[in-house]
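# Per-entry structural report
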Amino acid sequence: MLRRYGDVTRVALARYLAPREPHRHLYALVADYPRRGGRMMRPTLCIATARVFGASLEEAAGAAVGLELLHNAFLVHDDIEDESEERRGRPTLHTTHGTAVAVNTGDALILLGLRAFMDTRATIGPRLALHLLEDAERMGRESVEGQAMELGWRRDVTMHLGDADYFAMVLKKTCWYTTIFPSRAGALIGTRTEQGLDRFIRFGFFLGAAFQIQDDVLNLVGDEVRYGKELDGDLQEGKRTLMMMHLLREATESERRKLATFLALPRGRRTDADVRWVRERMMARGSVAYARQVAHGLAGAAREECTRLYAGMPDSPDRRFIEALPSWVIERG
């Protein structure tokens, strides 16, 4: 299903990535991240949800394109903010073209995403297109608020954080644009009403949080080729993952002092030996095992919520795909 609806999205996406001027300094770069691949989970979830509720493939494709364009815009900006060096197996945009050009490219992707949402007027009508655009604005606002929380914790070298802080951040930063908005957008298109969309927030939170925690675990122990980003990047960036928060709670006093020194350093001064020590402490203190346990619990909650949400809907490949997602986010490599 990811392959099928991913291909549908890529075909519809092509018109927004067509060569135009200024080509070398903008539109060739706009097409870079989208053409590197990716699993296409977000657009596929949007299309499948719309189809479950009765929409046609054509009616759902435009929203899927808008989602994918915004997703790639966020990736470009996230890579700059995190000082990441690799994305989908290749150097990040800002490392090869400079920060200023990459920021402008991310801005262009945002505008193209908004254009794609506006273009859905031709398939779903102006009323639903406006509601879709309004929900996209909320999704974007939630996402940047979550990103601000994470960036602020890193800037301020915040040490005293609990799981509730992590989940509040992940709800905003990850869940809204990865699982909540794709579900809401698909339901809006399929049911042709904006009523009842809030019922997808719980499912989207459980699924999106499980997805994010598993992503954090894979950053430490995953296969770099399949993962698509540099391993240990979260540690290099000093991110407050669930594992980092667990380690800060479970570490000895001397270990906490060393962690505070590590987290206060800029990324460029965190050595490979420092990163290796933090990863070893996470393993020794059970932080990785704890994160996996929480992710499994969240995936189970997502399965239960999914059963409740889709009770009474006819069996279909789209419904089975959505029902399989909680297991997939845990099992993916």
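Notes on the structure follow. Just so you know, these numbers come straight off a predicted model, no measurement behind them.

In this section: the nonpolar core. Grouped together as the largest cluster of nonpolar side chains are 100 residues, with contacts concentrated most on Leu-69, Val-278, Met-282 and Ile-322. Aside from chain neighbours lying at most four places away, what touches Met-282 is Leu-220, Leu-235, Thr-241, Met-243, Met-244, Leu-247, Ser-287 and Val-288.

Further remarks concern the pattern of salt bridges. Applying the stated criterion to the full structure yields 32 salt bridges. The salt bridge partner of Lys-239 is Asp-82, with a shortest N-O separation of 3.2 Å. Of this pair, Lys-239 sits in the loop between α12 (233-237) and α13 (242-250) while Asp-82 sits in helix α4 (residues 57-82); the two residues are 157 residues apart in sequence, bridging distant segments of the chain. On the basis of relative accessible area, Asp-82 is assigned to the buried category, the value being 6%. The network of salt bridges with shared partners includes Asp-82, Glu-150, Arg-154, Lys-173, Asp-234, Glu-237, Lys-239 and Arg-267.

Right, let's talk about unusual backbone geometry for a bit. In this structure, the amide linkage connecting Glu-21 to the following residue, Pro-22, adopts the cis form with an omega of -5°. Here Pro-22 is to be found in the loop between α1 (2-13) and α2 (23-30). Here Met-40, not a glycine, exhibits a phi torsion of approximately 65°, which is positive. Position of Met-40 relative to the elements: it lies in the loop between α2 and α3 (41-52). The phi dihedral of Glu-83 is positive, around 55°, even though this residue is not glycine. One can find Glu-83 in the loop between α4 and β1 (86-87). Residue Glu-83 is classed as partly exposed on the basis of its relative accessible area of 47%.

Conventions used here
Residues numbered from 1 in each chain as written. Predicted model: local features only at pLDDT ≥ 70, side-chain atom pairs only at ≥ 80, totals over all residues. Heavy atoms only, no water. Core = buried A, V, L, I, M, F, W, Y, C linked by side-chain atoms within 4.5 Å. Buried < 20%, exposed > 50% of the residue type's maximum accessible area, 1.4 Å probe, protein only. Contact = heavy atoms within 4.5 Å. Salt bridge = Lys/Arg side-chain N within 4 Å of Asp/Glu carboxyl O. Helix = DSSP H or I, 4+ residues; strand = E, 2+ residues; numbered from the N terminus.

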